[in-house]
Amino acid sequence: MTDAGPQPIKIAGMTSRAIVVVVIVLAIAAALPLVLSNYQIGLATEMLIFGVLAMSIDILAGFAGRTSLGHGAIFGVSGYVVVYASAQVGLSPAAAIPLGIIAATLVAIIFALLAVRTSGVYFLLLTLALGMIVWGICLRWTQVTGGENGLRGDVRPAFLVGHRGFYWAVLVATALVSYAMWRFVRSPFGLTLLGIRDSESRMKSLGYNVPLHLFVGFAVSGFFAGIAGALYAMFNNFVSPSTVALGQSVEGVLMMIAGGVGTLFGGFVGAAAIITLENVVSAYTERWQTVLGLTFIVIMIFAPDGIIGTLRAILPRSGRTKDRYIGN
Amino acid sequence: MSAFQLLNGLTYAALLFVVASGFTLIFGLLRIVNLAHGALYLLGGYIGFAVATRTGSFALGGLGAMAAIAAVGFVLDQGLLRFVRGNELRQVLLTLGFAFVLDDMALVIWGGDSFTVPIPQMLKGGMRVFGVFYPTYRLFVLATGIAVFAGLWLLLNHTRLGALIRAGVDDAEMVEASGVNIRRVFLVTFLLGSALAGLGGLMGGAFLSLYPSADAEILVFSLAIVIIGGRGSLVGVGVGSLLVGLLNTLGQVMFPELAYFVIFGPMALLLAFRPLGLFGRAATS
């Protein structure tokens, strides 16, 4: 970061122009429930939650160069713990939600301990296998997880039962979490992750403890995925093995890629695109899985840089290097 | 562990070997992690089931499954993967998308019921081995697993194609530079690996039965085997299959609900010391 010339004034790390954009986007997002139907408000809530999941995956994929196929499991564990703690144990949401997020972070820590020494395809394979183990446990450990039937339970506190109120609560949470993630990837620590993505050996020879940095990055990413999972548990009041299944991780990764790897906020664009597609498709056919698979294939072949990445490539801005993040 | 459970573990390991050897052949040579391998297994099972019930011949079912899955593999490799060559992550994610499509199509055609491939008359019943009465069919699976291992070992170590495959695993560019059409070796390997998944589907379909999430279970075991055994090593797949098969059986006996967890322990331990697996070597490129 060696900008020549006067430094722009920054408030909370953002330039004044960025603040204007953020305020406008938030104002529009906050006004949406006033014009949308209850069903559409539900969809918008889902987009926000999955946007957070996609961003948490992007912390690793876009900034540390490690694509995880196990984040659906981390997300789902948080959901399971939140529903179990509130419906079966009888804890209040204020206690159940932190528990869920802690559980997700712990799962992420276990994943990270095993995965940080690998990279590329091995990282993908390992996180996939670990995620599937979590899925297998959720499916088979019937006494606790309810097996294939899953767990049901009202998690939302009374004042958030309405669609609009809940949407606004999720919006506030999403905004805070997104800001935290943004600060994280731009922090000196976040920059070391970028360094690892670009050249692991160089970072090593500069004296950085590469596995430790990846470990912390993974744990932080899992923490945010856990927040998304807790929000989803409140949104759905239901978890089942499909919440932790590979499909969940895949959707998260697809949203992240569709938005644009390494763009962070692209996660919301990707989530909005995929959820919209899912709902449009579901009106015509029950074959969402096929469409999801085809979308994956098409994006991999034609637009691996995602929506934002492709736009950036078409409209090059001065001073921005064009990277094909997924191209290594 | 009783002799009966030991045999269960061994026969399961034999099935896993057939499926995972195809997976690791493709991974080792083409560097493609084919996440559609589980879906190919399940589809092979369904097709084998359809052929075997129509013709009344188990052997024809096996041939049909292998031929059909090799054809699907051809479409995957030549129709889709060719556009993302040389890019590992895009390849992996593309095969994942392909797996979703295959699974969903299988659900459309065969529905959510579970099917069991009919066992031929001569393999029905049981026989006495190591002092226990054991199903003949599962012993047949064990024998097939050993035969596939022997066949692959001969292929890899005593044929020209095998020499090319082994050379390709170590350094594909050098093989190409010495005047070999490595693309064709790649394609043959891909078809062979796919056919093995199809064969596994038929064999597994007769004692594990076929149902919509069977592909995910086989895939996670195949991944574990390759992670344990190492990329592209036949002995590695053999050892990995034995470990995973026996541990899984042991786990199901001791902690039925957490059986999945039992393969996790050795995998974790191994990765801490040998990130590339027991028999894996670092890629030369």
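This structure is a prediction, so every number in the text was calculated from the model and none was measured.

Cut-offs applied
- Residues numbered from 1 in each chain as written.
- Chains lettered and ligands numbered in written order.
- Predicted model: local features only at pLDDT ≥ 70, side-chain atom pairs only at ≥ 80, totals over all residues.
- Helix = DSSP H or I, 4+ residues; strand = E, 2+ residues; numbered from the N terminus.
- Buried ≥ 20, exposed ≤ 12 C-beta atoms within 10 Å, placed from the backbone.
- Core = buried A, V, L, I, M, F, W, Y, C linked by C-beta atoms within 7 Å.
- Contact = placed C-beta atoms within 7 Å.
- Nonpolar A, V, L, I, M, F, W, Y, C, P; charged D, E, K, R; others polar.

**Student:** So, the environment of D113(B): which residues are in play, and what are the values?
**Tutor:** Residues and elements named next belong to chain B. If you trace the backbone, D113 turns up in the loop between α4 (88–110) and β1 (126–129). Of the residues examined, D113 has 9 C-beta atoms within 10 Å and is grouped as exposed. For the pair D113 and Y211, spaced 98 residues apart in the sequence, the C-alpha separation amounts to 6.3 Å.

**Student:** How would you explain the nonpolar core if you had to name every residue and give the values?
**Tutor:** In terms of nonpolar packing, the biggest core is built from 202 residues, with A129(A) and A224(B) touching the most fellow members. With 17 residues, helix α1 (residues 3–30) of chain B is the largest single contributor of residues to this core. Here A129(A) is in contact with V220(B), L223(B), A224(B) and I227(B), once residues within four sequence places are set aside.

**Student:** Describe unusual backbone geometry, with residues and values.
**Tutor:** All names here are of chain A. Even without being glycine, N237 reaches a positive phi, approximately 55°. Relative to the helices and strands, N237 resides in the loop between α10 (210–236) and β4 (238–239). On the basis of neighbour counts, which here come to 15 C-beta atoms within 10 Å, the residue N237 falls in the partly exposed class. Positive phi, close to 55°, is recorded for L264, a residue that is not glycine. When you line up the elements, L264 lands in the loop between α12 (246–259) and α13 (266–284).

**Student:** Tell me about the interface of chain B and chain A, residues and numbers included.
**Tutor:** Contacts between the two partners involve 33 residues from chain B and, on the opposite side, 33 residues from chain A. Of all the elements in the fold, those that place two or more residues in the side of chain B that touches chain A are α4, α8 (214–229) and α10 (259–273) of chain B. In terms of residue class, the side of chain B that touches chain A is made up of 26 nonpolar, two polar and five charged.

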